Every structure is written in structure tokens, then in C-alpha cells.
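# Structural description and commentary
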Amino acid sequence: MAKVIKSINYNQHAIIRDIIDLHNGGKPFDCDITYSIGNFYGHFKEKTPEGEVEFDIPQPKYKFDVDPQVEGVEKLDPWGPIPLPDNSVDSMMVDLPFVIGPRDCASMRNNKKGSNVIGKRFSSYYPRHEMFESYEHWLKEAYRVLKPGGVLAWKSQPVISGGINLMTSYYSCRVAEDLGFYIKDEFVLVAKQRLISGKVKNQMHSRRYHSFFHVFVKDDPKRDKTNYWK
């Protein structure tokens with residue numbers, strides 16, 4: 001029996017491998033505009049009911065980041081274009097920040113252990129509308145540089161900011177379809193544990209223990225058969 005690729009996993013590298021196998025013909029991504037230090041790529045292991053499985057996720061050809069941290073990564077203007085021609089790549093990975101907070105606040109500037117860990121590692125947006133503008137900007141740029149039929153793997157996570165539930169994943173899907181992408185698939189990454197702030201005294205929303213990998217396809221004819229956002 002052929003392997004069944006499931007929509008949910010505790011291992012994000014296994015999800016990326018499954019997206020490559022199921023939607024990218026087994027080929028590595030051409031481009032990653034949020035490369036960071038390259039944690040998505042390399043040699044990995046997954047525990048399955050049949051035993052431990054080892055696999056590789058090859059490096060992308062084009063590596064970009066707003067704040068390059070390793071050699072070989074080209075710097076991006078956070079509101080500028082991806083330095084690639086129109087309709088030039090077959091596939092792309094994007095994993096934008098999801099933290100809301102001033103980039104010059106005290107917890108971002110200090111070196112106190114455990115202080116604003118996620119913000120320091122992945123940067124942040126402020127005010128909150130900047131995040132939605134950034135997501136829309138990079139979706140537009142991904143659409144521009146992908147070839148027709150090109151695949152975009154888009155990671156996102158719902159965010160709570162100032163007591164407001166920001167459904168960034170669903171916003172991304174709506175923008176993507178309005179641009180011309182077909183929302184082909186969805187994978188859910190489940191976290192076994194999360195960093196919990198001691199500042200939160202009165203819980204107003206469920207604590208997020210999941211994030212999404214959506215698979216968008218540029219100009220797929222199946223998009224014309226949906227129109228459910230309309």
C-alpha cells in the first residue's frame with residue numbers, strides 16, 4: 001500500500017517533505033525568501049508507527065532574508081521586490097514573522113535570558129496592521145515571480161495581540177485567492193509545548209498550539225471552480 005500523507009503532524013520537516021513529494025514532484029524548492037539560518041533544510045528524522053524514518057530536504061537555489069544571518073543569503077528590502085524576474089521560478093517557501101510588538105522595545109533590546117525569545121529570533125511587526133500589509137506584499141511578490149502552475153508553500157500562525165484574535169492564516173488564504181492562487185492544500189503543524197508568558201493573568205482565547213502550511217498554486221484552472229470567497 002502506498003504511503004498515506006496526512007494533513008497533521010508534530011514534525012514540521014516531515015510536513016515540508018510531504019509538500020515537496022505531493023505537490024512539487026519531489027523536487028526541492030527553488031526559492032526561500034525567509035531563509036533565516038536554514039532550519040528547514042538538511043537531514044532529519046521522523047518517528048512513525050513503523051519505526052524511525054530518515055530523509056533529506058535539499059537547499060533552495062535562491063536564498064533571501066530581510067536580515068541575513070548566514071553566508072550565501074541575499075538581503076531583501078522588507079517592502080521591496082524579490083530580485084528575480086517575473087515568472088521565473090517553479091516553487092517557493094515563505095515563513096514570515098507572526099510577532100506583534102515594537103522592534104525597539106526594552107525586551108527586544110536587552111539580553112535577558114528568556115525575554116521576548118520569539119521576537120528576537122524572528123523579528124516583529126508594529127502596529128498590527130503592518131503584519132497584514134507585509135503578508136499581502138510578499139504574496140503579491142511570490143505571485144509575480146512564480147511561473148504559471150508554480151507552487152508556494154506558505155507557513156502562518158494565528159496571532160493574539162492586545163486581546164484581539166488576528167486570523168492571519170485565513171487572511172493569507174483570502175489574499176492569495178484574490179491574487180489568482182488556488183488554495184490546493186493545508187497541513188497543520190501541532191506543537192507539543194509552547195512558551196507561556198507569565199504576564200497573562202486572564203486568558204481570553206485558547207492558547208495556540210498549531211500553525212499552518214498552505215499550498216498555493218498560481219493560475220491553477222481549479223481556482224475558477226471555487227469562488228467561495230465571493
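This one's a predicted model, so the numbers in the text were calculated from it and none came from an experiment.

## Comments concerning the overall build of the protein chain
Helix and strand counts for the protein chain stand at five helices and twelve strands. By residue count, 43% of the 230 residues in the protein chain fall in the buried class. Sequence-distant contacts in the protein chain: of pairs separated by 6 or more residues, those separated by 24 or more amount to 73%.

## Observations regarding helix H4 (residues 129–145)
Taking 1.5 Å of rise per residue, the 17 residues of H4 would be expected to cover 24 Å, and the 25 Å separating its terminal C-alpha atoms lies within 8% of that figure. Turning to H4, its buried residues number three or more, namely Glu-130, Met-131, Ser-134, Tyr-135, His-137, Trp-138, Leu-139, Glu-141, Ala-142, Tyr-143 and Val-145.

## What about the sheet that holds strand S6 (residues 74–75)?
The strands making up a sheet associate through backbone hydrogen bonding, with each pair oriented either parallel or antiparallel. Read from one edge to the other, the open sheet built from eight strands follows the order S1-S11-S12-S8-S7-S2-S5-S6, with strand pairing classed as mixed. The open sheet terminates on both sides in strands that have one partner only, identified here as strand S1 (8–9) and S6. Contacts from helix H1 (residues 12–23) reach S1, strand S7 (89–95), strand S8 (146–156), strand S11 (181–190) and strand S12 (210–218) within the one sheet, and its direction differs from that of S11 by about 155°. Packed onto the sheet, helix H5 (residues 168–179) meets S8, S11 and S12 and runs at close to 0° relative to S12.

## Overview of the side chain of Asp-65
Along the chain, Asp-65 turns up in strand S5 (residues 62–65). Look at Asp-65: it is buried, it has no salt bridge, and the nearest opposite charge is Lys-75 at 7.5 Å.

## Regarding the pattern of salt bridges
Throughout the structure, instances matching the rule amount to seven salt bridges. Across the pair Arg-17 and Asp-18 runs a salt bridge whose closest N-O atoms are separated by 3.1 Å. With a relative accessible area of 10%, Arg-17 lands in the buried category. For Asp-86, the salt bridge goes to Arg-144, with nearest N and O atoms at 2.7 Å. A residue pair is termed long-range when its members are at least 10 positions apart, and Asp-86 in the loop between S6 and S7 and Arg-144 in helix H4 qualify at 58 residues.

## Looking at the pairing of S12
Counting buried residues in S12 gives eight out of nine residues, a clear majority hidden from the surface. As paired strands, S8 and S12 are joined by six bridges and run antiparallel to one another. For Lys-155, the partnering residue across the bridge sits in S12 and is Phe-213. Where S11 meets S12, nine bridges bridge the pair, whose relative direction is antiparallel.

## Quick notes on the nonpolar core
Among the nonpolar cores identified, the biggest contains 28 residues, and Ile-33, Ile-82, Met-92, Leu-152, Trp-154 and Phe-216 are the most heavily contacted of them. Of all the secondary structure elements, the ones that give two or more residues to this core are S7, H4, S8, H5 and S11. Tallying contributions element by element places H4 first for this core, with seven residues. Those residues in contact with Ile-82 that sit more than four places away from it in its chain are Ile-33, Phe-64, Leu-76, Met-92, Trp-138, Glu-141, Ala-142, Arg-144 and Val-145.

## Some thoughts on the packing of H4 against H5
The packing of two helices is summarised by the inter-axis angle and the distance between the axes. Two numbers describe how H4 lies on H5: the axes approach to 10 Å, and their chain directions differ by 35°. In this structure, H4 crosses over H5, and the sense of that crossing is right-handed. Along its contact with H4, which presents Met-131, Phe-132, Tyr-135, Glu-136, Leu-139, Lys-140 and Tyr-143, the element H5 presents Thr-168, Tyr-171, Ser-172, Val-175, Ala-176 and Leu-179. Of the residues assigned to the contact of H4 with H5, the class counts are nine nonpolar, two polar and two charged.

## Considerations on the confidence of the model for the protein chain
Across the protein chain, the average pLDDT comes to 86, with 80% of residues at or above 70. Low pLDDT, under 50, characterises residues 113–122; the stretch is placed with 21 contacts to residues that sit more than four places away or in other chains.

## Regarding the packing of aromatic side chains
Aromatic ring pairs are defined here through the distance separating the ring centres and the angle between the ring planes. As enumerated under the stated definition, the model contains nine aromatic pairs in all. On the basis of an interplanar angle of 5° and a centroid distance of 5.8 Å, the ring pair of Tyr-35 and Tyr-41 is categorised as stacked. Overall, Tyr-35 belongs to the buried group, its relative accessible area being 7%. The buried category is assigned to Tyr-41, whose relative accessible area is 7%. Ring plane angle 55° and centroid distance 6.0 Å describe the contact between Tyr-170 and Phe-212, whose orientation is recorded as tilted. Taken as a pair, Tyr-170 in helix H5 and Phe-212 in strand S12 lie far apart in primary sequence, 42 residues in all. The rings of Tyr-35, Phe-40, Tyr-41 and Phe-213 are connected pair by pair, giving a single aromatic cluster. Positioned over the ring face of Tyr-10 is Lys-192, at 5.4 Å from the centre of the ring. The aromatic ring of Tyr-143 is capped on one face by Lys-218, whose charged end is 4.7 Å from the ring centroid.

What counts, and at which threshold
- Residues numbered from 1 in each chain as written.
- Predicted model: local features only at pLDDT ≥ 70, side-chain atom pairs only at ≥ 80, totals over all residues.
- Heavy atoms only, no water.
- Helix = DSSP H or I, 4+ residues; strand = E, 2+ residues; numbered from the N terminus.
- Buried < 20%, exposed > 50% of the residue type's maximum accessible area, 1.4 Å probe, protein only.
- Contact = heavy atoms within 4.5 Å.
- Expected span 1.5 Å × (residues − 1).
- Pairing = 2+ DSSP bridges.
- Axes fitted to C-alpha atoms, helices over the stretch in contact; angles between N-to-C directions.
- Lys, Arg positive; Asp, Glu negative; His and termini not counted.
- Salt bridge = Lys/Arg side-chain N within 4 Å of Asp/Glu carboxyl O.
- Core = buried A, V, L, I, M, F, W, Y, C linked by side-chain atoms within 4.5 Å.
- Left-handed = near helix turned anticlockwise from the far one by under 90°.
- Nonpolar A, V, L, I, M, F, W, Y, C, P; charged D, E, K, R; others polar.
- pLDDT = per-residue confidence, 0-100.
- Phe/Tyr/Trp six-rings, centres within 6.5 Å; stacked < 30°, edge-to-face > 60°.
- Lys NZ or Arg CZ within 6 Å of the ring centre and 35° of its normal.

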